[in-house]
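# Descriptive analysis of the structure
The primary structure of each chain is shown beneath.
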Amino acid sequence: MQGKRDSIAMMFAAGWLLVGATFFSTAGCTVDTGFLEGKPCGDGGVCASGYFCVREPCFDGHLCTVCRKNPGGQDAGSDGEPDGTDGLPDDGGDEPPSCSQTPPPCKSLPDCQDVVPECIDDFWVCDTGYEETESSCDFLDNDCDGLTDTGLVCRLAGNGEAGFNDGTGEQARFDHPRALIGLPLGDLLVADLGNHAIRKVAPDGTTTTLAGSGQGGHQDGPGEQARFREPAGLALSIDGTVLVADRLNHRIRQIDVSGAVSTLAGSGFIDYQDGPVDQAQFAFPTGLAVSGDGLIFVADTGNHCIRKIAEGQVTTFAGRCEYPGIADGDAATARFNGPTDLLLLPDGRLLVSEESSHRIRVVDPDGTVSTLAGDGQHGFADGALATARFAKPAGMIPDPVDDSYLVADSGNHRVRAIGIEVSTSLGSGHPGLADGPPDLVEFDHPSGLAFLGDGRLVIADTNNHMLRVLNP
């Protein structure tokens, strides 16, 4: 115990304390009785005359209540004015809060119990404190508000390192997970692009492999024997068949309910050709969508157009294939530039995200193309649909709360919402790996979105090699 007291006293005596990567001055917090700046506030948050009781970072992840001479004009008292200067009676806090006075409030985390602080060098020291806002995903009541970790983005599966391993939570390993789809029983599927596999994830983060061996190639057959080459897109048919955009094999594959993999369309040659499914040619297909009557739409990324598979034939649905550009209009004259992901709406319209023109397009049932959001410039801007900016937008999903659509804005490291206007739902915009509140959480090129059966939103955090989850 004496060693702990000595170490605390030494840190405060030095006058600086490291919190994360920032130094905060705490001079006088426990030493030098003649120096009032930075000393703990007294009972009820009072300080000596001319000082203000404020909260500031101290100890890693916590706040302390200390007295400051000039905290930017801020007053922590209830009257909004410095003691003795507001025309009201003085609060009585004219003496330094030494151990001869009542100790200041002190909470013990994580159980939020009141504890008595330690008296060090004649001043009270509370080395537990509490968090100003809940920002950790430990399922504890860190801010002592009676709730646990609500509204935070946390980790569902994966540990941030690329690898190939089944398991629960951080035991699982992914390699650039991309597309996600929710399954009727509440699980979800992941197109694990770098592992050339399709993975299955339960609501508790338990991860298994549905198809693929972890090795790239092209092979049909039972799931554990099948091989893909960078599967990038997923869709689910009403009969339970899983469709896979097998990007580097330039094919559309399918996985039946028994787990067997077969090729649905594509000869395997990279080119553009309509016709029978076994002769048709694609170029880096990425996104998929399936209608209730069995029509399959393909974002043929390398050919810059939208294709359709129906009745054993591949046709061009919208866009002038092989000619990238930015043009709205009818199906034959419209142009896309790197379409990647698709979302089929209940009214039959198709949303298309374009990674190279940084826009969200709309294709009507007759193939007419228009622009929903984005001005075509790479960047970040919320606001009006026509002037908003994206950076390589990818996966999309309807928001069940309202009539908006969520978009994984990969290059901006955010999840955006498109409604009456464009807004940011999740992400600080800084590439990284940090859990926390929606506006502070950090992603690294998120690309896929899906809902678990319990309603939680899952984000494929691609360059962090993990799945993140927004807890309600």
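None of the values given here were measured: they were computed from a predicted structure.

Calculation criteria
- Residues numbered from 1 in each chain as written.
- Predicted model: local features only at pLDDT ≥ 70, side-chain atom pairs only at ≥ 80, totals over all residues.
- Heavy atoms only, no water.
- Helix = DSSP H or I, 4+ residues; strand = E, 2+ residues; numbered from the N terminus.
- Buried < 20%, exposed > 50% of the residue type's maximum accessible area, 1.4 Å probe, protein only.
- Core = buried A, V, L, I, M, F, W, Y, C linked by side-chain atoms within 4.5 Å.
- Contact = heavy atoms within 4.5 Å.
- Polar contact = N/O pair within 3.5 Å; in protein donor to acceptor, adjacent residues only side chain to side chain.
- Disulfide = S-S within 2.5 Å.
- Salt bridge = Lys/Arg side-chain N within 4 Å of Asp/Glu carboxyl O.
- Pairing = 2+ DSSP bridges.
- Axes fitted to C-alpha atoms, helices over the stretch in contact; angles between N-to-C directions.
- pLDDT = per-residue confidence, 0-100.
- Phe/Tyr/Trp six-rings, centres within 6.5 Å; stacked < 30°, edge-to-face > 60°.
- Lys NZ or Arg CZ within 6 Å of the ring centre and 35° of its normal.

A few words on the overall build of the protein chain. For the protein chain, the count of helices and strands is one helix and 34 strands. Relative to its full complement of 472 residues, the protein chain shows a buried share of 50%.

With that out of the way, let us pick up the nonpolar core. With 16 residues, the main nonpolar core has Leu156, Leu180, Leu188, Val201, Val458 and Leu467 as its most contacted residues. Contributing elements (two or more residues each) for this core: strand E9 (153–157), strand E12 (188–192), strand E33 (457–461) and strand E34 (466–470). Here this core takes three residues from E9, the largest share from any one element. Look past the residues within four positions of valine 201 in its chain and what remains in contact with it is Leu156, Ala157, Phe174, Asp187, Leu188, Val190, Thr206, Thr207 and Leu467. Listed in part, the 14 residues of the second largest apolar core include Leu243, Ala280, Val298 and Ile309.

Now for the side chain of threonine 462. Checked against the element boundaries, threonine 462 lands in the loop between E33 and E34. A distance of 2.8 Å separates a polar side-chain atom of threonine 462 from the backbone oxygen of proline 177. With residues up to four places along the chain from it excluded, the contact list for threonine 462 reads His176, Pro177, Arg178, Asp444, His445, Pro446 and Ser447.

By the definition in use, this model includes two disulfides. In this model, cysteine 137 is linked to cysteine 154 through a disulfide, with the two sulfur atoms separated by 2.0 Å. Every disulfide takes its handedness from the sign of the S-S torsion; for cysteine 137 and cysteine 154 that torsion is -80°, giving left-handed. Placement of the pair is cysteine 137 in the loop between strand E8 (123–125) and E9 and cysteine 154 in strand E9, with a sequence separation of 17 residues.

Following the criterion strictly, the structure yields 20 salt bridges and no others. One salt bridge in this structure joins aspartate 435 and arginine 155, with 3.4 Å as the shortest N-O distance. With aspartate 435 in the loop between strand E31 (422–426) and strand E32 (446–451) and arginine 155 in strand E9, this residue pair connects regions lying 280 residues apart in the sequence. A residue is classified by how much of its surface remains accessible, and aspartate 435, at 24% relative accessible area, is partly exposed. Ionic pairing is found between aspartate 187 and lysine 200, a salt bridge with its closest N-O pair at 3.7 Å. Of the two residues, aspartate 187 is situated in the loop between strand E11 (177–182) and E12 and lysine 200 in strand E13 (residues 197–201); the sequence distance between them amounts to 13 residues. The exposure class assigned to aspartate 187 is buried, which follows from its relative accessible area of 18%. Judged by its relative accessible area of 32%, lysine 200 falls in the partly exposed class. Look at the salt bridges and you will find they share partners, linking Arg155, Asp435, Asp461 and Arg468 into a network.

Attention now goes to the sheet that holds E9. Read across the open sheet, the four strands follow the order E9-E34-E33-E32; overall the sheet is antiparallel. The open sheet has two free edges, formed respectively by E9 and E32, since each of these has just one partner strand. In this sheet, adjacent strand axes meet at a mean angle of 30° when their direction is disregarded.

Looking at the protein chain, pLDDT values average 83 and 79% of them are 70 or higher. With pLDDT under 50 throughout, residues 1–35 is counted as low confidence; its partners more than four residues away or in other chains account for 66 contacts. Counting contacts from residues 72–97, a segment whose pLDDT is below 50, to residues more than four positions away or on other chains yields 36 contacts.

As a general feature of sheets, a regular strand has side chains that alternate between the two faces. Counting buried positions along strand E16 (residues 242–246) gives five out of five residues, so the element sits mostly inside the fold. Pairing analysis gives five bridges linking strand E15 (residues 231–236) to E16, with the strands arranged antiparallel. Paired with alanine 235 across the bridge in E16 is leucine 243. The loop that links E15 with its antiparallel partner E16 comprises five residues; one of these, glycine 240, has a positive phi angle of about 95°.

Here the focus is the packing of aromatic side chains. Tallied over the full model, the rule gives one aromatic pair. When the ring centre of tyrosine 323 is taken as reference, the NZ or CZ atom of arginine 320 above it lies at 4.3 Å. In this arrangement the basic side chain of arginine 414 is found over the ring face of phenylalanine 380, its NZ or CZ atom lying 3.7 Å from the centre.

Here strand E28 (residues 393–398) lies mainly inside the structure; five of its six residues are buried. Here E28 runs beside strand E29 (residues 405–409); their pairing, made up of four bridges, is antiparallel. The partner of proline 393 across the bridge, within E29, is aspartate 409.

Looking now at the sheet that holds E15. Spatially, the four strands line up as an open sheet ordered E15-E16-E17-E18, and their pairing is antiparallel. Because the sheet does not close on itself, it has two edges, and the strands there are E15 and strand E18 (261–265). The mean angle between the axes of side-by-side strands here comes to 30°, regardless of whether they run parallel or antiparallel.

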